[in-house]
Amino acid sequence: LGNLGQRLHDHLNDGGLTAEARDRVAAVVLVIDPGISIHDFRMVPGPTHTNLIFDAEIPYQCALSDQEVRRRIQAAVQALDSSWFAVVGVEKSYV
């Protein structure tokens, strides 16, 4: 089931909040570079903030460094919701 199974799991366990957050984050990531995709998305709520933990797959030809992509994603996530903190793993796509 892949992504569909993950979405169903998220919806049943948190009323769809994780799926909604993932969709919002994926949309802002596309603004940074339309070739970037995200996967393995999860939310870990805490008393002061919520960690959004996920991997970003960057196209090999992306002109931005891994650190710059990570920084831009973290800033974009904070702009969506000031209580969200992005913990981003960056991977290069060679395909």
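For every chain, the first residue of the written sequence is number 1, and numbering continues from 1 onward in sequence order. The predicted nature of this model means local features are confined to residues of pLDDT at least 70 and side-chain atom pairs, given and counted, to a pLDDT of 80 or more, with totals for whole chains, interfaces and linings taken over all residues. As a convention, hydrogens and water are excluded, and side-chain values are obtained from all of the structure's heavy atoms.

Participant: When you look at the pattern of salt bridges in this model, what are you seeing that I'm missing?
Facilitator: Close approach of charged atoms allows side chains of opposite charge to pair. Any Lys or Arg side-chain nitrogen found within 4 Å of a carboxyl oxygen on Asp or Glu counts as a salt bridge. Applying the stated criterion across every chain, the model contains three salt bridges. For K92, the salt bridge is made with D66, and the minimal N-O distance between the two is 3.5 Å. Linking K92 in strand β3 (residues 84-93) with D66 in helix α3 (residues 66-80), this pair joins segments that are 26 residues apart in sequence. Judged by relative accessible area, K92 falls into the partly exposed class, the value being 28%. You can call D66 partly exposed: its relative accessible area is 29%. The shortest N-O distance in the salt bridge between E68 and R72 comes to 2.8 Å. The helix and strand labels rest on DSSP assignments: H or I over at least four residues marks a helix, E over at least two residues marks a strand, and numbering proceeds from the N terminus. Summary of the burial criterion: residues with accessible area below 20% of their type's maximum are buried, those above 50% are exposed, and those between are partly exposed, where the area comes from a 1.4 Å probe applied to protein chains only.

Participant: Can you help me understand the pairing of strand β1 (residues 37-45) in this one?
Facilitator: The side chains of a regular strand alternate between both faces of the sheet. Two strands are counted as paired when DSSP detects at least two bridges linking them. Judged from the seven bridges that link them, β1 and strand β2 (residues 50-59) form a sheet pairing that is antiparallel. Bridge pairing in β2 links S37 to E57. Taking the residues between adjacent antiparallel strands as the criterion, β1 and β2 are bridged by four residues.

Participant: So what exactly am I meant to see when it comes to the sheet that holds β1 here?
Facilitator: Paired through backbone hydrogen bonds, the strands of a sheet run either parallel or antiparallel to each other. In space, the three strands of this open sheet follow the order β1-β2-β3, with mixed pairing throughout. At either end of the open sheet lies a strand with only one pairing partner, and these are β1 and β3. On average, each strand axis in the sheet is tilted by 15° relative to the strand beside it, whichever way the strands run. Pairing geometry for β2 and β3, over ten bridges, is parallel. The convention used is that axes are lines fitted to C-alpha atoms, helices contributing only their stretch in contact, and that angles between N-to-C directions extend from 0 to 180 degrees.

Participant: What am I meant to see in the side chain of T50 here?
Facilitator: The residue T50 is located in strand β2 in this model. Accessibility expressed as a relative area gives 14% for T50, which makes it buried. Residue contacts for T50: discarding those within four places in its chain leaves M43, V44, P45, S83, W84 and F85. Whether two residues touch is decided by their heavy atoms; if any such pair falls within 4.5 Å, the residues are in contact.

Participant: I would appreciate a short explanation of helix α2 (residues 17-32) in the present structure.
Facilitator: Since the α-helix advances by 3.6 residues per turn, residues separated by three or four positions end up pointing in the same direction. Taking 1.5 Å of rise per residue, 16 residues should cover 22 Å, and α2 covers 23 Å from first to last C-alpha, within 8% of that figure. Taken together, the buried positions of α2 are occupied by T18, A19, A21, R22, V25, V29 and I32. One side of α2 holds all its buried residues, which, seen down the axis, span an arc of 155°. To estimate how far a helix should reach, multiply one less than its number of residues by 1.5 Å. The directions considered for the arc run from the helix axis to the C-beta atoms.

Participant: Help me understand the environment of I38 in this model?
Facilitator: Position of I38 relative to the elements: it lies in strand β1. The spacing of I38 and V88 is 50 residues in sequence and 9.3 Å in space, taken between C-alpha atoms. Sequence-distant contacts of I38, defined by excluding residues within four places in its chain, comprise R22, V25, A26, V29, F54, D55 and A56.

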